[in-house]
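Read off the chains here:
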Amino acid sequence: MNRQSHRLTFGVLATGAGVFALLQSLITPALPIVQSAMHTSQSTVTWVMTAYLLSASVFTPILGRVGDLAGKKRTLVAALVALLIGCLVAALAPNITVLIVARVIQGIAGALFPLSFGIVRDEFPAARVPAGISNLSAVIAVGSGLGMVLAGPIVGALDYRWLFWFPVIVVAATALLAHRYVPESPHRTEGSVNWPSSVLLSGWLVALLLPVSQAAKWGWGSTPVIGLLAVAAVLFALWILSETRSRNPLIDMRVMRLPAVWTTNTAALLFGGGMYAVWAFLPGFVETPASAGYGFGSTVTGAGLLMLPMLVAMFVSGLLSGRLAGRFPAKAQLVTGALLGAASCALLAVRHEAPSDVALAAGVFGLGIGLAFASMANLIVQSVPPEQTGAATGMNANIRTIGGSMGAALMSGLVTGHLQSGGRPYEAGYTHEFTLLAAFCLAAAFAALAVPARSRAWTNVSAAAAGEAPATTGPSRESVDS
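So, here is what we can say about the structure in this document.

About the criteria used
Residues numbered from 1 in each chain as written. Predicted model: local features only at pLDDT ≥ 70, side-chain atom pairs only at ≥ 80, totals over all residues. Heavy atoms only, no water. Helix = DSSP H or I, 4+ residues; strand = E, 2+ residues; numbered from the N terminus. Contact = heavy atoms within 4.5 Å. Areas by Shrake-Rupley, 256 points an atom, 1.4 Å probe, with all protein chains shown as cover. Lys, Arg positive; Asp, Glu negative; His and termini not counted. Charge placed at Lys NZ, Arg CZ, Asp CG, Glu CD. Buried < 20%, exposed > 50% of the residue type's maximum accessible area, 1.4 Å probe, protein only. Axes fitted to C-alpha atoms, helices over the stretch in contact; angles between N-to-C directions. Parallel < 35°, antiparallel > 145°, perpendicular 65-115°, else oblique. Left-handed = near helix turned anticlockwise from the far one by under 90°. Nonpolar A, V, L, I, M, F, W, Y, C, P; charged D, E, K, R; others polar. Salt bridge = Lys/Arg side-chain N within 4 Å of Asp/Glu carboxyl O. 1 Å grid on protein atoms, 1.4 Å probe; cavity = no way out; pocket = protein on both sides within 12 Å on 5 of 7 lines; lining within 4 Å. Points joined across faces, edges and corners; volume = space filled by probe spheres on them. Patch = residues over 30% accessible without salt bridge, like charges linked within 9 Å, V, L, I, M, F, W, Y side chains within 5 Å. Expected span 1.5 Å × (residues − 1). Phe/Tyr/Trp six-rings, centres within 6.5 Å; stacked < 30°, edge-to-face > 60°. Lys NZ or Arg CZ within 6 Å of the ring centre and 35° of its normal.

For the chain, the helix and strand inventory stands at 20 helices and two strands. Intrachain contacts of the chain at a sequence separation of at least 6 include 81% that bridge at least 24 residues. Accessible surface for the chain amounts to roughly 18,500 Å². Of this, 67% is attributable to carbon and sulfur atoms. Put simply, the chain has 26 plus and 17 minus side-chain charges, and the middle of one group is 4 Å from the middle of the other.

Let us now look at the environment of Ser197. In this fold, Ser197 is placed in helix H10 (residues 195-218). Given a relative accessible area of 0%, Ser197 falls into the buried group. Distance from Ser197 to Leu250, taken between C-alpha atoms, is 6.6 Å for residues 53 residues apart in sequence.

Take the packing of helix H7 (residues 112-123) against helix H8 (residues 129-157) next. Contact geometry of H7 with H8 gives a least axis separation of 9 Å together with a crossing angle of 155°. Considering the angle they form, H7 stands roughly antiparallel to H8. In the packing of H7 onto H8, the handedness of the crossing is right-handed. For the pair H7 and H8, contact is made by Phe113, Ser116, Phe117, Val120 and Arg121 and by Val129, Gly132, Ile133, Leu136, Ser137 and Ile140, respectively. For the contact of H7 with H8, the class distribution of residues is seven nonpolar, three polar and one charged.

Summed over the entire model, instances satisfying the criterion amount to two salt bridges. Lys72 is paired through a salt bridge with Asp122; the nearest N and O atoms lie 3.0 Å apart. Of this pair, Lys72 sits in helix H5 (residues 72-92) while Asp122 sits in helix H7, placing them 50 residues apart in sequence. Per residue, the accessibility class of Lys72 equals that of Asp122, and both read buried. A salt bridge links Arg351 to Asp357; its shortest N-O distance comes to 3.1 Å.

One pass over the structure, following the stated rule, counts one cavity of 30 Å³ or more. By volume, the largest cavity amounts to about 90 Å³. As for the largest cavity, its lining consists of Phe113, Phe117, Ser137, Ile140, Phe373, Ala377, Thr393, Asn396, Ala397 and Arg400. Elements that contribute at least two residues to the lining of the largest cavity include exactly H7, H8, helix H17 (355-383) and helix H18 (389-416). The element contributing the most residues to the lining of the largest cavity is H18, with four residues. Class assignment of the residues belonging to the lining of the largest cavity gives a composition of six nonpolar, three polar and one charged.

Right, let's get into a nonpolar patch on the surface. On the surface, a nonpolar cluster with roughly 440 Å² of combined accessible area is contributed by Leu158, Trp162, Phe166, Ile169 and Val170. Mapped onto the elements of the fold, Trp162 is located in helix H9 (residues 162-181).

The next thing to look at is H8. Compared with an ideal rise of 1.5 Å per residue, which puts 29 residues at 42 Å, H8 spans 40 Å between its outermost C-alpha atoms and is within 8% of the ideal. Burial analysis of H8 places 23 of its 29 residues in the buried class, which makes it a mostly covered element.

With that settled, consider the layout of surface pockets. In this structure, the second largest pocket encloses a volume near 460 Å³. What lines the second largest pocket is a set of 19 residues, and nearest its centre among them are Trp204, Phe236, Trp239, Met395 and Ile399. Residue assignment for the lining of the second largest pocket shows that the elements contributing at least two residues are H10, helix H11 (223-245), helix H12 (253-256), helix H13 (259-287) and H18. The element contributing the most residues to the lining of the second largest pocket is H11, with seven residues. The class makeup of the residues in the lining of the second largest pocket is 15 nonpolar, three polar and one charged.

In this structure, His39 takes a positive phi of about 50° despite not being glycine. Tracing the chain through its elements places His39 in the loop between helix H2 (31-37) and helix H3 (42-45). Accessibility expressed as a relative area gives 72% for His39, which makes it exposed.

Mapped onto the secondary structure, Thr174 falls in helix H9. Thr174 sits in the buried class, given a relative accessible area of 4%. Excluding residues that lie within four positions of it along the chain, Thr174 makes contacts with Val12, Thr15, Gly16 and Leu80.

So, on to the packing of aromatic side chains. When we look at a pair of aromatic rings, we describe it by the centre distance and by the angle of the planes. All told, the structure shown has 13 aromatic pairs when counted by the stated rule. Ring centres 5.5 Å apart and planes at 85° place the aromatic pair Phe20 and Phe113 in the edge-to-face group. Of the two residues, Phe20 is situated in helix H1 (residues 3-26) and Phe113 in helix H7; the sequence distance between them amounts to 93 residues. Taking the relative accessible area as the measure of exposure, Phe113 reaches 7% and is therefore buried. One residue, Arg103, lies across the ring of Tyr52, its end atom 3.9 Å from the ring centre.

Mapped onto the elements, Ser298 comes out in the loop between H13 and helix H14 (300-306). For Ser298, a relative accessible area of 19% puts it in the buried group. The contact partners of Ser298, leaving out residues within four places of it in the chain, are Val286, Glu287, Ala303 and Leu306.

The structure is reproduced here in structure tokens:
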């Protein structure tokens with residue numbers, strides 16, 4: 001594949017993954033408008049986000065594994081088609097039920113993340129893989145936050161349905177380009193999908209994420225929350241047992257136990273808790289009227305503009321990440337990114353009297369997100385066999401999402417636990433929230449410090465998984481700088 005083909009392949013992958021990331025946040029500011037237009041309740045309209053989250057969590061690792069087995073390009077095109085259908089159904093949805101179903105279909109495309117990382121690893125020259133993954137991570141990170149900026153102008157000028165019509169156009173073109181120009185995977189693993197393990201994985205993810213995402217409404221001590229968390233624990237144990245005994249595991253536990261993998265995943269869980277909570281609650285903070293004793297009374301569009309420094313900073317730091325890999329290894333980038341996140345949240349906790357304070361803190365957090373996203377992806381890709389790339393990066397994305405759900409749920413309890421007479425949160429709720437998020441990010445930095453300086457060879461892991469003796473000669477990668 002020549003250099004021009006690399007650029008075209010990357011452009012297709014970045015567009016597909018970027019649109020999926022965009023849809024994570026694009027509808028969030030418009031939920032009150034959707035609620036009014038579809039004559040539904042606030043508790044029902046929140047399922048527009050919950051259904052998307054649950055669907056993506058289930059399909060991301062499963063289809064990542066399918067891509068490792070059946071071919072990453074083929075699975076990528078299928079995921080893009082699912083995203084196209086989901087956006088089309090959402091744009092035409094006559095009621096809230098159909099819209100929620102459409103969001104479930106869109107969630108299938110969560111597999112675009114691990115599939116795209118796997119294709120970059122398969123198709124790009126080894127020297128360009130870190131930069132390719134860093135650039136792709138930057139696009140995903142920016143897309144995840146860009147929806148908050150674009151939602152206001154799109155809804156104001158057109159209609160909330162155009163939040164889905166625009167992606168329909170882009171995804172249709174991307175699917176055609178992917179089918180035509182993205183090469184098929186040279187690396188495939190042997191075996192088949194372990195469907196019993198897939199069912200168990202889906203079960204414990206839903207049983208975990210559903211109560212965590214709904215705990216603010218149901219109550220942490222309620223029977224549904226406690227019962228579902230207990231079910232999640234049981235299903236998780238059964239899933240681990242099934243995967244350990246399987247000859248064709250969905251997620252190879254040998255790979256998950258690698259020091260570079262489990263420490264990176266721990267950092268992803270903690271950093272995800274801080275990152276998603278900031279995305280979820282910072283716009284609400286700045287939109288609060290100053291009469292509440294804090295906030296700036298910003299519109300949805302104004303709140304999005306205050307997030308621009310974060311988006312610009314995360315894009316720049318994400319792009320620089322791969323280019324600095326030789327002098328600034330992925331482990332150091334992850335530690336730095338988490339520390340920047342902690343500094344940003346601490347700054348928000350002690351100083352938030354003016355829009356400039358929020359913009360500065362958002363920019364610092366953006367630098368941290370860009371470095372963390374890129375370094376986590378690179379650490380996982382560098383540490384696992386090529387045939388495990390899709391499943392391993394899919395689980396990393398999932399773990400980050402699980403952390404985000406837990407962080408957002410905890411923050412919701414802090415912010416909305418005590419309300420003013422007018423129904424708005426007290427300033428202290430946000431202050432405590434930002435302090436706890438700083439602790440999350442600081443804990444992520446300590447987890448990142450535990451990542452080994454050099455990761456175990458993926459060739460040896462692959463041989464061990466197959467029951468063979470590790471190679472001791474030849475040009476295999478015996479260690480990878482992280």
